[in-house]
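The chain contents come next:
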Amino acid sequence: MNLSTEYLGLMLPNPLVAGAGPLADDLDGIKRLEDAGAAAIVLRSLFEEQITREQMSEYENIERHGESFAEAASYFPSPDAFALGPFEYLNHLRRAKEAVRIPVIASLNGATPGGWIEYARLMAEAGADALELNLYRISTGPETTGAEIEREAIATVREVKKAIMIPVAVKLSPFYTAFAHLAREIDRAGADGLVLFNRFYQPDIDPEELIATRTLHLSDSSELRLRLHWMAILSGRVRASLAVTGGVHTALDVVKATMAGAHVTQMVSALLMNGPAHLRTVLDDLAAWMQEHEWPSLAGMRGNMSLFKVPDPDAYERANYMLMLQGWRA
Ligand SMILES: Cc1cc2nc3c(=O)[nH]c(=O)nc-3n(C[C@H](O)[C@H](O)[C@H](O)COP(=O)(O)O)c2cc1C
C-alpha cells in the first residue's frame, strides 16, 4: 500500500499532517505526533502583534479607520496570553527540528507587509522546512472592497516568496466572493500550497451579562463538506499542492479529501479529542480501506472526484443546488 504523497515539494510517507494548534507546543507533544505517524507538523501561528506591540500605532488599518492607537491596542491580548512568545517560538522551532526527523512547518499570521517578511525570514533561518501563512482576516470596514483585500493577500504572498527560499503554504478562509479566482492568483504569486480552510470562531452573546463570549468548539466531520467542495473545484486548476484542514477525523475523511484532490490532510480537533495516537488508528484504517477497495496508491486515488474534467462546473453546481432543494419532500 503506497500512502506516500508530495506536499510543498516535500516527500511525505503518508498524507496525515498535524495541523497548527497546541499539540506541538512542547517537544514531548511533537515527539508523540511523530511516533504516532504524523508525516509533518505545523506549529501554531506566531502573531505579528506579539512581536511588535509597541509598533502597533503604525498599523495601516488602525490609521485607515481613524481609531486611536490606545483604543485598538486595548483589544489585543497581553503577551502572557500567548502560548509562545516570539523568541520562544524561534527557539522552539530550532529545538523541534533537532528533536524529530519529520518536516516542521512554522506558521505566521502577519498584519503589516514588513512584519510578514521579517518573521518569515527568521523562521526560515531557524530551520523551518516550510512556512504556512495564516491569512485570517475579518474586514469590518464597509469602505474596503473585496478587490483591495485580495490584492493585499496576493501581494503578501508575493513578497514573502521573494524574501525566503523555503516553500510557502497559504491558509485561507472560504469567505471570498470569487474564491477560485483568488486561489489562482495566490497560486500565480508563487504559493507552493493552499490550505483550505481556516475556521471562523464566531463569538456568542451573553444577553444577561451583555458580553461577547468566546468558546472554541472543536470540529466534527460535517465541516469537511465545505473543504471537499472547494478542493474538488480547485484540483487540477492550480500548480500549488493542496491541503485540507477542518473536519478531518477519520480514514474515510482522508479518502474523501484525497479523492477531491488533497495532497495532505491536516488534523487538529480529532487529535485534541482522542490524543496523538489517533493518527495511527487513522493511518491503519486508511491502509485497510484502500486494500479493501483495491486502491494500490494514494496518488492513484487523488483527484478522481475533482470537477476538473466536468465540462461546465458552474452548470453542474447549479444543477446540484436545484436537485438538493427540489429533492426534499415534506
Ligand atoms: C486550540 C486551537 C488552536 C489553534 N491555533 C491555530 C493557529 O495558531 N494557527 C492556525 O493557523 N490555526 C490554528 N488552529 C486551527 C487549526 O489549525 C485548524 O485549521 C482548525 O482547527 C480546523 O481543523 P480541525 O477540524 O482538524 O480542528 C487552531 C485550532 C485549535 C482547536
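Everything here concerns the structure above.
Residues numbered from 1 in each chain as written. Predicted model: local features only at pLDDT ≥ 70, side-chain atom pairs only at ≥ 80, totals over all residues. Heavy atoms only, no water.

## Regarding the packing of aromatic side chains
Item 1. Following the criterion strictly, the structure yields 5 aromatic pairs and no others.
Item 2. Residues Y136 and F200 carry aromatic rings whose centres are separated by 4.8 Å and whose planes lie at 25° to one another, so their mutual orientation is stacked. Of this pair, Y136 sits in the loop between β6 (130-134) and α7 (146-163) while F200 is found in the loop between β8 (193-196) and β9 (204-206), placing the two residues 64 residues apart along the sequence.
Item 3. Relative accessible area serves as the criterion here: at 28%, Y136 is assigned to the partly exposed category.
Item 4. With a centroid separation of 5.1 Å and 70° between ring planes, the pair formed by F179 and F197 is classed as edge-to-face. You can see F179 sitting in helix α8 (residues 179-188) and its partner F197 sitting in the loop between β8 and β9, a full 18 residues away along the chain. (Phe/Tyr/Trp six-rings, centres within 6.5 Å; stacked < 30°, edge-to-face > 60°. Helix = DSSP H or I, 4+ residues; strand = E, 2+ residues; numbered from the N terminus. Buried < 20%, exposed > 50% of the residue type's maximum accessible area, 1.4 Å probe, protein only.)

## Structural notes on the packing of α7 against α8
Item 1. Taken N-terminus to C-terminus, the directions of α7 and α8 make an angle of 25°; their axes are 9 Å apart at the nearest point. The orientation of α7 relative to α8 falls into the category roughly parallel. Seen from above, α7 lies across α8 with right-handed handedness. Contacts between α7 and α8 involve E150, I154 and V157 on the former and, on the latter, H181, L182, E185 and I186.
Item 2. Counted by class, the contact of α7 with α8 contains 4 nonpolar, 1 polar and 2 charged residues. (Axes fitted to C-alpha atoms, helices over the stretch in contact; angles between N-to-C directions. Parallel < 35°, antiparallel > 145°, perpendicular 65-115°, else oblique. Left-handed = near helix turned anticlockwise from the far one by under 90°. Contact = heavy atoms within 4.5 Å. Nonpolar A, V, L, I, M, F, W, Y, C, P; charged D, E, K, R; others polar.)

## Things to note about the sheet that holds strand β12 (residues 264-267)
Item 1. Around the barrel, which closes on itself, the 8 strands sit in the order β3-β4-β5-β6-β7-β8-β11-β12 with parallel pairing between neighbours. Strand-to-strand, the axes of this sheet are offset by a mean angle of 25°, without reference to chain direction.
Item 2. Sheet topology places strand β3 (residues 16-18) next to β12; 3 bridges connect them, and they run parallel. Counterpart to L16 in the pairing with β12 is T265.
Item 3. Relative to the sheet, helix α5 (residues 86-99) contacts β4 (40-47) and β5 (104-109), its axis offset from that of β4 by approximately 170°. (Pairing = 2+ DSSP bridges.)

## A look at the layout of surface pockets
Item 1. In this structure, the second largest pocket encloses a volume near 580 Å³.
Item 2. In terms of lining, the second largest pocket is formed by 17 residues, of which the most central are R225, L228, H229, Y316 and N320.
Item 3. Those elements that provide at least two residues to the lining of the second largest pocket are α9 (224-234), α10 (251-260) and α14 (313-326).
Item 4. Broken down by element, the residue count for the lining of the second largest pocket peaks at 6 residues, all from α14. (1 Å grid on protein atoms, 1.4 Å probe; cavity = no way out; pocket = protein on both sides within 12 Å on 5 of 7 lines; lining within 4 Å. Points joined across faces, edges and corners; volume = space filled by probe spheres on them.)

## Regarding the packing of α10 against helix α12 (residues 278-292)
Item 1. Two elements in contact, α10 and α12, have axes whose closest approach is 8 Å; the angle formed by their N-to-C orientations is 60°. The angle between α10 and α12 places the two elements in the oblique class. For the pair α10 and α12, the sense of crossing is right-handed. Residues A251, L252, V254, V255 and M259 of α10 touch α12, and the partners they reach there are V282, D285, L286 and W289.
Item 2. A per-class count over the contact of α10 with α12 returns 8 nonpolar, no polar and 1 charged.

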